[in-house]
Amino acid sequence: MITRELVDRINWLARKQRREGLTDEEKEEQYRLRQLYLRGIRAQVVDALNSMGLKPKTQHREECSCPDCRGH
């Protein structure tokens, strides 16, 4: 879930990175927080598409020969 605190911390780390650099621990935290943020955004997009009646395509195997997968 994306919270104000999450965004504030991400922004603070980004500003610190530009100003003076980050420690290894801060780089790891920045990565984890960004991944959490991206998961939240992706979930919001999926929810929005689902609410419009669009369902995500199922993922097929490489050897799939359905019309949607042929030629890719």
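Residues numbered from 1 in each chain as written. Predicted model: local features only at pLDDT ≥ 70, side-chain atom pairs only at ≥ 80, totals over all residues. Heavy atoms only, no water.

Participant: Break down the nonpolar core for me, with residues and values.
Facilitator: Core analysis: the largest hydrophobic core is formed by five residues, namely Leu6, Ile10, Leu13, Leu22 and Leu33. With three residues, the single largest contributor to this core is helix α1 (residues 4–19). Excluding anything up to four places from it in sequence, Ile10 contacts Leu33, Arg34 and Tyr37. (Core = buried A, V, L, I, M, F, W, Y, C linked by side-chain atoms within 4.5 Å. Buried < 20%, exposed > 50% of the residue type's maximum accessible area, 1.4 Å probe, protein only. Helix = DSSP H or I, 4+ residues; strand = E, 2+ residues; numbered from the N terminus. Contact = heavy atoms within 4.5 Å.)

Participant: Could you give an account of helix α2 (residues 24–51), naming the residues involved and the relevant values?
Facilitator: Given a rise of 1.5 Å per residue, 28 residues ought to cover 40 Å, and the 41 Å separating the end C-alpha atoms of α2 matches this to within 8%. Three or more residues of α2 are buried, namely Glu26, Glu29, Gln30, Leu33 and Gly40. The secondary structure elements touched by the buried residues of α2 are α1. Downstream of α2 by one or two residues, Gly53 has phi in the positive range, about 90°. (Expected span 1.5 Å × (residues − 1).)

Participant: Break down α1 for me, citing the residues and quoting the values.
Facilitator: For α1, with 16 residues, the first-to-last C-alpha span of 22 Å sits near the 22 Å given by 1.5 Å per residue. Listed as buried for α1 are Leu6, Ile10, Leu13, Ala14 and Lys16. For α1, the arc enclosing every buried residue in end-on projection is 165°, short of the 170-degree limit, so these residues lie on one face. Exposed and oriented more than 90 degrees from the buried face of α1 are Arg4, Glu5, Arg18 and Arg19. Buried residues along α1 sit against α2. With its phi angle positive at about 95°, Gly21 sits one or two positions after the end of α1. (Arc of directions from axis to C-beta.)

Participant: Could you give me a rundown of the pattern of salt bridges, with the residues and numbers involved?
Facilitator: The full count for this structure, using the stated rule, is four salt bridges. When the shortest N-O distance is used, the salt bridge between Lys16 and Glu26 registers 2.7 Å. Remark: Glu26 occurs in helix α2 and Lys16 occurs in helix α1; sequence separation between them is ten residues. Glu26 matches Lys16 in its accessibility class, with the two residues each being buried. Ionic contacts of the salt-bridge type, sharing partners, join the residues Lys16, Glu20 and Glu26 into one network. (Salt bridge = Lys/Arg side-chain N within 4 Å of Asp/Glu carboxyl O.)

The analysis is restricted to geometry; functional conclusions fall outside its scope.
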